[in-house]
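Analysis of the macromolecular model
Each chain, written out:
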Number of protein chains: 2
Amino acid sequence: MDNSISTDRKKRRGTQHVACDDCGLFPLCNPIDLGGREFSMADEFVERRQPLAAGEHLFREGEPFSALYAVTSGALKLINLTEDGQELVVGFVLAGETLGQTGIYPQRYPCSAIALEDSHVCELPYGSLKETSSQVPALSQNFQSMMQKENFDLHRQFAMLMARKNAEQRLSAFLLNLSMRLDERGYSGEEFSLPMSRDDIANFLGLRKETLSRLFTKLHQTGAIAVRGKHIRMLDMETLRDASGLPRHIA
Amino acid sequence: MDNSISTDRKKRRGTQHVACDDCGLFPLCNPIDLGGREFSMADEFVERRQPLAAGEHLFREGEPFSALYAVTSGALKLINLTEDGQELVVGFVLAGETLGQTGIYPQRYPCSAIALEDSHVCELPYGSLKETSSQVPALSQNFQSMMQKENFDLHRQFAMLMARKNAEQRLSAFLLNLSMRLDERGYSGEEFSLPMSRDDIANFLGLRKETLSRLFTKLHQTGAIAVRGKHIRMLDMETLRDASGLPRHIA
DNA sequence: CGGGGAATTGAATACGTTCAAAGGCCGTGG
DNA sequence: CCACGGCCTTTGAACGTATTCAATTCCCCG
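What comes next concerns the included structure. Small disclaimer: the values here were computed from a predicted structure and weren't measured. (Residues numbered from 1 in each chain as written. Chains lettered and ligands numbered in written order. Predicted model: local features only at pLDDT ≥ 70, side-chain atom pairs only at ≥ 80, totals over all residues. Heavy atoms only, no water.)

A closer look at the sheet that holds strand β10 (residues 225-228) of chain A
All names here are of chain A.
- Sheet architecture is open: three strands sit in the order β9-β11-β10, paired in antiparallel fashion. Only two strands of the sheet have a single partner each, and these edge strands are β9 (191-193) and β10. Between one strand axis and the next, the sheet turns by 15° as a mean value, whatever way the strands run.
- Of the pairings in the sheet, the one linking β10 to strand β11 (residues 231-234) comprises four bridges and is antiparallel in character. Its bridge partner being in β11, A226 is matched across the sheet by R233. (Pairing = 2+ DSSP bridges. Helix = DSSP H or I, 4+ residues; strand = E, 2+ residues; numbered from the N terminus. Axes fitted to C-alpha atoms, helices over the stretch in contact; angles between N-to-C directions.)

The following block contains the structure:
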């Protein structure tokens, strides 16, 4: 069996942008399909493809909510800070995915968003969205749909990761979740590059980085995945699904 | 210190209903505040207070999505079934809370909902909601707000429970989460009755019931909570917050 | 009062963590 | 282009925590 991953390491750091059609914000940028007359938020209000250096904050926990964002390239992590300054990773946002929605209700961002690598984001000011959507039913409708999908995704991720007992199940479920999400955005869910460090994954999954490392080697040795640093190839999805302990239709 | 819980066990099983004002579905039942003219879904479409026996299904995983629900009394659990027929508890719905929203996007319920005790639910058919909301902006607006709050709640619960490493943190966070949610609906968040079995909690938290049991006794002995079967009194919230390892502003 | 499921407790085992050390990758500077 | 240094990752061994399996107790309900 071929467990190897090509050793030439071209830098993928935040280079290729996701296609607009694959972006989670697309239905809000271009709500043309239902509107009767043509209309595009993108041209009017969306601040497109702002660069974000690795490690830079997009927004900070507690800041007043002001806009929705979509990641067009790169990836971010969402974190909370504990009293003693420790990070608590509560999520990852991949290229094509949106962030900021959770701040709408409390009017503040409930977590900080930090770029994991050099990234680009599109910014949609919430004021403009709200104002325009009151006049453009199609936009309002698409916004509604977006929140519904978001809700579903959150619930699914919760179901995937919450009740996983042992570390192997957690990691398997995590990898499957990533793979699904990459697929959804037009990337390969079979071979990809992890944008986050082992530490971040461990923190997110409630494990130690050492445990995680052992698990990666274990999954590698059993032939379920091929690992070379951050590069992952999903070799045996079936085994992973079994290892995750998840119902087939979820994973 | 008084670690005792009154020993008279009156049956609270699904007796008192939550007040309509405290119900998560209220903004959809009565979107009068913005509408100009008075209007109420409740009178027209909402099927009110349907009884549900303990153990009975409200809906099943995979069924076509048809309606939103609010629990007016009692409580439900949300579960997925694994291939081999094992339950995977993915959430609990308390009196005053809503369920079904996660089915909107995929057009199917992604999990089954089972009554934990004799309960009552109000049913709002989604067809009626959608139709009416296209004519009543206030309703549409409130629906939007509901999804936004739902999104926030899900994210918060995810943040609270996901990265909790050890069992004590998980249980503490779980109890704090329950307490918050009860408070929100006008119940006492300080003293309450767990509607679910130890097994269900353990399943949800990814622990064994034996471990859970030991933790309950431990928290009881340290004086953080008072436990008598399903009755819980939160004696020392500060200790619990510390034990949960959560940032203060979340817990 | 008695039966049965749920909850608790106990002892041995398995698993994940901890602390320490070594290895590998990458950017920097020679 | 290669050597150096730092950081991230991997590996090792001892320890601590959660799990397992079994036995007992507690409650709820008839």
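Comments concerning the interface of chain B and chain A
- With 46 residues of chain B in contact, the opposing surface of chain A contributes 46 residues.
- Here chain B meets chain A over a buried area of about 4,300 Å², counting both sides, of which 63% is carbon and sulfur.
- On inspection of chain B and its partner chain A, the count reaches two salt bridges.
- The residue E83 of chain B makes a salt bridge to R248 of chain A at a minimum N-O spacing of 3.4 Å.
- Put simply, chain B and chain A have seven residue pairs in polar contact (both at pLDDT 80 or more) between them.
- Breaking the side of chain B that touches chain A down by element, the ones donating at least two residues are β4 (75-81), β5 (87-94), α4 (137-161) and α6 (198-205) of chain B.
- Per-element tally for the side of chain B that touches chain A: the top contributor is α4 of chain B, with 14 residues. (Contact = heavy atoms within 4.5 Å. Buried area = accessible area lost by both parts, 1.4 Å probe. Salt bridge = Lys/Arg side-chain N within 4 Å of Asp/Glu carboxyl O. Polar contact = N/O pair within 3.5 Å; in protein donor to acceptor, adjacent residues only side chain to side chain.)

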